[in-house]
Amino acid sequence: MRRVLLGALLAMLCVSCSKSLEEKANALIADDIKKVLYHPETYDPAETQVDSAFTPFDDPVFYEKTVQLCKLGMSIDECDRKMKQAKSSMSIWSGPYQSAFDRNEYQEAKDEYNENARNKKNAEIKAKKIASELKTMLDKEQQFIGFKARHRYRADNNAGQTIFGEMKYLFDKDLRKIVATYDMDDDEYKAVQIVYKQMLGEDVQIENENFDDIEPLDE
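Residues numbered from 1 in each chain as written. Predicted model: local features only at pLDDT ≥ 70, side-chain atom pairs only at ≥ 80, totals over all residues. Heavy atoms only, no water.

Caption draft 1: Spatial organisation of the sheet that holds strand S4 (residues 178-183). Pairing in this open sheet of 4 strands is antiparallel, and the strands run S1-S2-S3-S4 from one edge to the other. What marks the edges here is a single partner per strand, and that holds for strand S1 (44-54) and S4. The average undirected angle you get between the axes of adjacent strands in this sheet is 20°. Of the pairings in the sheet, the one linking strand S3 (residues 162-171) to S4 comprises 5 bridges and is antiparallel in character. Bridge pairing in S4 links Tyr169 to Thr181. (Pairing = 2+ DSSP bridges. Helix = DSSP H or I, 4+ residues; strand = E, 2+ residues; numbered from the N terminus. Axes fitted to C-alpha atoms, helices over the stretch in contact; angles between N-to-C directions.)

In structure tokens, the structure reads:
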């Protein structure tokens, strides 16, 4: 009987603590979110889930480095696309019977290829450096850095339509201030979550040790 009462008491304490954290989080969120809403008076909180935050995945620095890695990846893909396009143009304007116009078009395509080859190589170097930094952060022991909350709400947009929104908030250890805010519907946030899954080994590794060493074409 005593064990049952003790268990019930502990459960009540946990619920009470949880509510206290949720109330603190909601107070901070309400003040913050109303600053960015088109019609703050229509803000209606729906649900808030508070949990402990740990390194590395809840660390804003880790998030920003992951964003940089995503952008570099897109830059590398864009360079690849332009290089293929330039190489195709070079094949069109090359040949033993080039006119002055042909030679000019060929040189422009060649310059385009070389520029993007250099840009790609620089982006790969930066990406490898950031990937190494992320790996170092991943290898460190997890540390408690505060609290995080997943918050769903309703509010009117600029068209006057009531829509749902979902945000993620990171708070300090005392739950007195907001450290970082993320729109969970934003494409950037979704891209970072995909990379996080890759880091956990669900798809691919975060670091490629075999970057292609593409050199500019010889003059």
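Caption draft 2: Highlighting unusual backbone geometry. In this structure, Pro56 follows Thr55 across a cis peptide bond, with omega equal to -5°. Relative to the assigned elements, Pro56 resides in the loop between S1 and helix H2 (60-93). Non-glycine residue Leu175 carries a positive phi angle of around 55°. For Leu175, the position within the fold is in the loop between S3 and S4. Take Leu175: its relative accessible area is 5%, and that puts it in the buried class. (Buried < 20%, exposed > 50% of the residue type's maximum accessible area, 1.4 Å probe, protein only.)

Caption draft 3: Summary view of the packing of aromatic side chains. According to the stated counting rule, one finds 11 aromatic pairs in the structure shown. Arranged with centres 4.4 Å apart and planes meeting at 40°, the rings of Tyr63 and Tyr182 form a pair that is tilted. With a gap of 119 residues between them, Tyr63 in helix H2 and Tyr182 in strand S4 connect regions that are remote in the sequence. Neither residue differs from the other here; Tyr63 and Tyr182 are each classed as buried. Note on Trp93 and Phe101: the rings are 5.4 Å apart at their centroids and 80° apart in plane angle, and the pair reads as edge-to-face. The class for Trp93 is partly exposed, based on a relative accessible area of 25%. Among the residues examined, Phe101 registers a relative accessible area of 48% and is labelled partly exposed. (Phe/Tyr/Trp six-rings, centres within 6.5 Å; stacked < 30°, edge-to-face > 60°.)

Caption draft 4: Expanded view of the environment of Asp172. Tracing the backbone shows Asp172 in the loop between S3 and S4. For Asp172, a relative accessible area of 15% translates into the label buried. Along the chain, Asp172 and Lys148 lie 24 residues apart, while their C-alpha atoms are 8.8 Å from each other. Not counting the four nearest positions on each side in its chain, Asp172 is found in contact with Ile145, Gly146, Phe147, Lys177 and Val179. (Contact = heavy atoms within 4.5 Å.)

Caption draft 5: Molecular detail of the pattern of salt bridges. For the coordinates displayed, the defined rule picks out 10 salt bridges. Between Asp58 and Lys148 there is a salt bridge, and its shortest N-O distance comes to 3.3 Å. Within this pair, whereas Asp58 is found in the loop between S1 and H2, its partner Lys148 is found in strand S2 (residues 144-156), the two being separated by 90 residues in sequence. Given the relative accessible area of 23%, Lys148 is considered partly exposed. Counted as one network, the salt bridges with shared partners bring together Asp58, Lys148 and Lys168. (Salt bridge = Lys/Arg side-chain N within 4 Å of Asp/Glu carboxyl O.)

Caption draft 6: Main features of a negative patch on the surface. Residues Glu64, Asp183, Asp185, Asp186, Asp187 and Glu188 make up a contiguous surface patch of negative charge. Residue placement: Asp187 occurs in helix H4 (residues 187-199). (Patch = residues over 30% accessible without salt bridge, like charges linked within 9 Å, V, L, I, M, F, W, Y side chains within 5 Å. Areas by Shrake-Rupley, 256 points an atom, 1.4 Å probe, with all protein chains shown as cover. Lys, Arg positive; Asp, Glu negative; His and termini not counted. Charge placed at Lys NZ, Arg CZ, Asp CG, Glu CD.)

Caption draft 7: Quick look at the side chain of Asn116. Tracing the backbone through its elements, the reader meets Asn116 in helix H3 (residues 100-139). Assessed through its relative accessible area of 5%, Asn116 is described here as buried. Discounting residues that sit within four places of it in the chain, Asn116 has contacts with Cys79, Lys82 and Met83.

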